[in-house]
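# Analysis of the macromolecular model
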Amino acid sequence: MYEKVSGRIGIFVVGSSAIVLQIALVRQSLTLFYGTEINLGIVFFFWLLAEGLGIYLSLYLRRVSISAKFLAAIIYLFSLLVILIGMSVFYLRKLILPVQGEISIFKGVITTSFLLVFPLSFFAGIMFLAASRFVSSLSVKRITYSYSIDSLAASLLGFMASIFFIRYFSFLKIFLAVSLLNFIFSSWMLVKQHENKKILLALVMIFIVLFSFALTSEGRLQNILWRGYKIVSEANSIYGYDVLVKKGKQKSIFSNGNLITSWPDSYTAEETIHIPLLNNPTARRILIVGSPNPDLIRELNKYKSIREVDFVEIDPQVSSFVLGDSEWRRQVARAEFRVNLYNCDIRFFLKRRAPASFYDIAIVTYSLPYNLLLNRFFTQEFFKELKGVLKKKALVSFFLPGSETYFNKEEIFIINSLLRTLKSVFSSCLILPGSSIHFLAGEGIEFIRTWQDFERRRKFYSIRTSFVNKYFLFDRLSAARFSFLNNFRKRYASLSAINSDFNPIMYFLGSLFVLSFQIKILNIFLNVFYLKFFILLVLFSLMIMIYLFWAAKSKTRLLRFVASGLGFVQMSFQLLLIICFQIAFGYIYYQIGLLVSIFMLGYAAGSIIFLWIHKLNKDRRCDLVSICIMAILMLSWFLFFKYFAFRSNLIFLATSLLSGVLDGIIISALSYRVAKNSDSSAAISFIYGSELFGSSLGALVITSLFIPILGIKISFLILVVMLSVSSLILERINVA
């Protein structure tokens, strides 16, 4: 009886620990390494790959007897490892990226994932198989029991982590709580085994010392990340981790590691405001997409025609940081126009709250769309929505990082694609060269193109500036600057594409632009995109054919292939849902944990449903039927994903739940097929490990290649095709 209870609790502890750590690590990755969706793919890739390797390693040790003492020992070691890794994240982040705000995907996320996520997940894989063998060795008939307990634990603790832990506890405290849970359970098991009291006391003292050191070190660890800055305020919200820091007289707000706004910063404020305003100095209503900033209010107050300024910022915590600053209150009090602040998604604002043909100028303060959150502000759909709230001769303004002496291919690709996207919506477009590339667009507008005209307007309207003066304008708007930029654009004229919500090429290009400063070989992707990408598809198809040929020699290998393919499809599908949610609603920081948890709840339900079907002796084709239903579900998203994405977040949760139920039925059925010819632990190892390997590959491929290059719609179609292949393989097995 004791063995049964301890084994089941062990699986529950392992499952709950894994999901909580996974959610915490994914969110910490978004926070520390600046929130690119490629981060998700990389973290999930290393997590799932390591867990699969841990399970496969345990498979080769299946002849070793798994005692309660052995299980308690590895869980105790895991509790210590969790504390060490929780602290190491901060040190490694500062070691890899010493400059706050530096963006580095490969150097940051991959290094951290390999050194920290990989060993943690590898250990979790060994723990899961050890605990499941401890249970399944007692009852071969309950082969799916391990799946249901693990998934149910993951679902319950995932919900708690997403709704409660993440919002009210720091990353390190979450890690310490998981460590404490594992320590308590391992200690209970050792006490039940009548372990030597001196050994028990030593183990307890080691844990207490390490736990206490980590608990009292959180403030020092945060100071390591923000060395050189004074943390004024910090908070977690459903949109991310926000922090207000101060260095000298300047204050800056970071959200998920991204710099949102800074003040005082007169140079950026003058460039942001006066370039568009001097093109329309009689503007009355201004829309600013981005965080409120007192410097912008100060510069706008120099135009007497302005009557109303609307800021739209999705994160109310970011807004509260600014509104609580004395400089903001002072500038608003001096303003001769009304200042409105709307805390909502800009896409929602444009569709539901903003009057049609209302604004004279729209200014987007975000720059360089290297992730899908930022990509939303540079798509064809966004510009069309923005055009609907602008007056007839209104204009749109934004700028990206530029160069005065050289442009690489990635940057030219971005400039050409953004210009092409703007021209698909607006009839008049202009690019101003320089250290920042300024984009202006509108309908039927004659933009100012010479520095003399800018200077005349500035003097005529008595606009006093410190930086945007005749010297600045002469340098930025000289004929040599325009010629320099246009020559580069003509040289790579073929490099352009329209950026859209569900074909986010700008997200891909923004990531390549960041990486181009670190890994030069990535230039090949610009050629692959147009000329050689089909070679990747051919190689990918060839690898599948070779593997199928090898796998066809036995039913067990075919079943493992189906499991790995299903893992690829399911992980890709879940990430597609997360990314579609990001595109539709503007944030994934809060939703990631909910979607993962609801999927695991469905997985547990699917395992239980299979037990019921098996009991009725009607399980012969339940895996094949489930795959067909899953294919229909994904085909529905392929056909109607734009409709689904913008309706309600409940659609995402319902889809994730249903796919989890189907996945639980399929994997349980495949495990039972394999278990007919081997022991239960081998069945769990083969099938669950194969699914994890497929999931790890799917996480990497879907985020780094399929979505940015093929688009979301084609990605759904590829998953449907893969499920169809899996159904054909299962049908062949049934016939045989």
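The notes below deal with the structure included here.

What counts as what
- Position numbers for residues count from 1 along each chain, tracking the sequence in the order it is written.
- Totals for whole chains, interfaces and linings use all residues, but because this is a predicted model, local features are given only for residues with pLDDT of at least 70 and pairs of side-chain atoms are given and counted only at 80 or more.
- Based on all heavy atoms of the structure, the side-chain values leave hydrogens and waters out of the count.
- The helix count covers DSSP runs of H or I at least four residues long, the strand count covers runs of E at least two residues long, and both are numbered beginning at the N terminus.
- Buried means the residue's accessible area, taken with a 1.4 Å probe over protein chains only, is under 20% of the maximum for its type, while exposed means over 50%, and partly exposed covers the values in between.
- In these tables, accessible area is a Shrake-Rupley quantity obtained with a 1.4 Å probe, and a residue counts as shielded only by the protein chains included in the view.
- A pair of strands counts as paired when DSSP detects no fewer than two bridges linking them.
- To obtain an axis, a line is fitted to C-alpha atoms, over the contacting stretch when the element is a helix, and the angle between two such axes runs from 0 to 180 degrees between their N-to-C directions.
- We define a salt bridge as a contact between a side-chain nitrogen of Lys or Arg and a carboxyl oxygen of Asp or Glu at a distance within 4 Å.
- Directions are taken from the helix axis to each C-beta atom, and the arc is the one they span.
- Every residue pair with non-hydrogen atoms within 4.5 Å of one another is taken to be in contact.
- Here, the term nonpolar core denotes a set of buried Ala, Val, Leu, Ile, Met, Phe, Trp, Tyr and Cys residues that are joined through side-chain atoms within 4.5 Å.
- Here the angle decides the label: under 35 degrees means roughly parallel, over 145 means roughly antiparallel, 65 to 115 means roughly perpendicular, and every other value means oblique.
- Basically, the charged four are Asp, Glu, Lys and Arg, the nonpolar ten are Ala, Val, Leu, Ile, Met, Phe, Trp, Tyr, Cys and Pro, and anything else, Gly included, counts as polar.
- For patch building, the residue pool is restricted to those with more than 30% relative accessible area and no salt bridge; the joining distance is 9 Å between like charges and 5 Å between nonpolar side chains (Val, Leu, Ile, Met, Phe, Trp, Tyr).
- Crossover handedness is defined here as right-handed if the route from the first strand over the helix to the second strand goes clockwise, with the strands pointing away from the viewer.
- For Phe, Tyr and Trp, where Trp contributes only its six-membered ring, two rings pair if their centres lie within 6.5 Å, and the inter-plane angle classes them as stacked under 30 degrees, edge-to-face over 60, or tilted in between.
- A ring is considered to have a charge above it if a Lys NZ or an Arg CZ atom is located within 6 Å of its centre and within 35 degrees of its normal.

## Quick word on the overall build of the protein chain
- Helices and strands together make up the secondary structure of the protein chain, namely 27 helices and 11 strands.
- When each of the 736 residues of the protein chain is scored for burial, the buried share is 61%.
- Element-wise, carbon and sulfur atoms account for 64% of the exposed surface of the protein chain, whose accessible area totals about 29,300 Å².

## Focus on the sheet that holds strand β2 (residues 240–247)
- What the 4 strands build is an open sheet, ordered β1-β2-β3-β4; its pairing is antiparallel. Strands at the two margins of the open sheet, each flanked by one partner only, are β1 (230–237) and β4 (258–263). Neighbour to neighbour, the strand axes of the sheet diverge by 15 degrees on average, direction disregarded.
- Summarising the sheet, β1 and β2 pair through 7 bridges and their orientation is antiparallel. Bridge pairing in β2 links N236 to Y241.

## Some thoughts on the pattern of salt bridges
- Across all of its chains, the model carries 17 salt bridges by this definition.
- The residue E327 makes a salt bridge to R330 at a minimum N-O spacing of 2.6 Å. Here R330 and E327 lie together in helix α12 (residues 326–334), a separation of 3 residues that amounts to about one turn.
- Residue classification places R330 among the partly exposed residues on the basis of a relative accessible area of 37%.
- With its nearest N and O atoms 3.5 Å apart, the salt bridge here joins D360 to K391. Within this pair, whereas D360 is found in strand β8 (residues 359–364), its partner K391 is found in strand β9 (residues 390–403), the two being separated by 31 residues in sequence.
- The partly exposed category is assigned to K391, whose relative accessible area is 28%.
- One continuous salt-bridge network, built from bridges that share partners, spans D295, R298, E299 and K302.

## Regarding helix α17 (residues 451–460)
- Among the residues of α17, those classed as buried are F454, E455 and R458. Buried residues of α17 fall within an arc of 95 degrees about the axis and therefore sit on the same side. Exposed residues lying more than 90 degrees from the buried face of α17 are R456 and F460.
- Of the residues trailing α17, S462 is marked for its positive phi of about 55 degrees.

## Focus: the sheet that holds strand β11 (residues 434–442)
- Across the sheet, which stays open at both edges, the 7 strands sit in the order β7-β6-β5-β8-β9-β11-β10 with mixed pairing between neighbours. Looking at the sheet topology across the chains shown, the edges are occupied by β7 (338–342) and β10 (428–432). On average, each strand axis in the sheet is tilted by 15 degrees relative to the strand beside it, whichever way the strands run.
- Bridge count for strand β5 (residues 285–289) against strand β6 (residues 308–312) is 5 bridges, and the pairing is parallel. By the bridge assignment, R285 is partnered in β6 with E308.
- Against the sheet, helix α15 (residues 380–388) contacts β5, β8 and β9, and its axis sits at roughly 140 degrees relative to β9.
- Helix α19 (residues 479–491) rests against β9 and β10 of the sheet, and its axis sits at about 110 degrees to β10.

## What to know about the nonpolar core
- Judged by nonpolar contacts, the single largest core of 123 residues is most densely connected at L120, F175, L670 and I712.
- The biggest single contributor to this core is helix α22 (residues 555–585), with 18 residues.
- Discounting chain neighbours no more than four positions away, the residues touching F175 are L21, A24, L25, V82, I85, G86 and L120.
- With 52 residues, the next largest nonpolar core counts L400, I412, I415 and C429 among its residues.

## Observations regarding the packing of helix α16 (residues 409–423) against α19
- Between α16 and α19, the shortest axis-to-axis distance is 10 Å and the interhelical angle comes to 90 degrees. Classed by the angle they form, the pair α16 and α19 counts as roughly perpendicular. Facing I412, I415, N416 and L419 of α16, the residues of α19 in contact are L485, F488 and R489.
- Residue classes in the contact of α16 with α19 are distributed as 5 nonpolar, 1 polar and 1 charged.

## Here's the deal with a nonpolar patch on the surface
- Nonpolar side chains collect at one region of the surface, where L201, M205, I208 and V209 lie side by side and expose about 380 Å² of accessible area between them.
- Summarising the element assignment, I208 is placed in helix α7 (residues 197–216).
- Owing to a relative accessible area of 41%, I208 belongs among the partly exposed residues under this scheme.

## Topic: unusual backbone geometry
- Residue W263 is joined to P264 through a cis peptide bond whose omega torsion reads -5 degrees.
- Its location among the elements puts P264 in the loop between β4 and α9 (266–279).
- Non-glycine residue S462 carries a positive phi angle of around 55 degrees.
- With respect to the helices and strands, S462 occurs in the loop between α17 and α18 (470–476).
- For S462, a relative accessible area of 58% puts it in the exposed group.

## Some words on the pairing of β5
- Counting buried residues in β5 gives 4 out of 5 residues, a clear majority hidden from the surface.
- On the question of chirality, the crossover connecting β5 to the parallel β6 by way of helix α10 (residues 294–300) is right-handed.
- Here 4 bridges tie β5 to β8, and the two strands are oriented parallel to one another. In the strand pairing of β8, I288 is matched with I363.

## So, the side chain of D345
- Mapped onto the elements of the fold, D345 is located in the loop between β7 and α13 (346–353).
- You can call D345 buried: its relative accessible area is 10%.
- Contact partners of D345, with chain neighbours within four places excluded, come to V312, I314, R376, A584 and F585.

## Quick word on the packing of aromatic side chains
- Applying the stated criterion across every chain yields a total of 23 aromatic pairs.
- Taken together, a centroid distance of 5.5 Å and an interplanar angle of 25 degrees make the contact between F207 and F211 stacked. Residue F207 and its partner F211 are located together in helix α7, separated by 4 residues, close to a single helical turn. You'll find F207 and F211 in the same group, each marked buried.
- Seen from their ring centres, F599 and Y603 are 6.3 Å apart, and the 55 degrees between their planes marks the pair as tilted. One end of the pair, F599, and the other, Y603, are both in helix α23 (residues 591–615), 4 residues apart, so they sit about a helical turn from each other. The residues F599 and Y603 share a single accessibility class, namely buried.
- The structure contains a cluster of three or more aromatic residues connected by ring pairs, namely Y366, F377, F378, F382, F383, F398, F426 and F439.
- Directly above the aromatic system of Y229 lies the positively charged group of K247, at a separation of 5.4 Å from the ring centroid.

## Focus: helix α8 (residues 218–225)
- All of the buried residues in α8 are E218, L221, Q222, I224 and L225. Seen along its axis, α8 keeps its buried residues to an arc of 150 degrees; they face one direction.

## Quick word on the environment of I431
- Tracing the backbone through its elements, the reader meets I431 in strand β10.
- The class of I431 is buried, set by a relative accessible area of 8%.
- Note: C-alpha distance between I431 and F482 (51 residues apart in sequence) is 8.6 Å.
- With residues up to four places along the chain from it excluded, the contact list for I431 reads I415, L419, I437, H438, F439, F482, L485 and R489.

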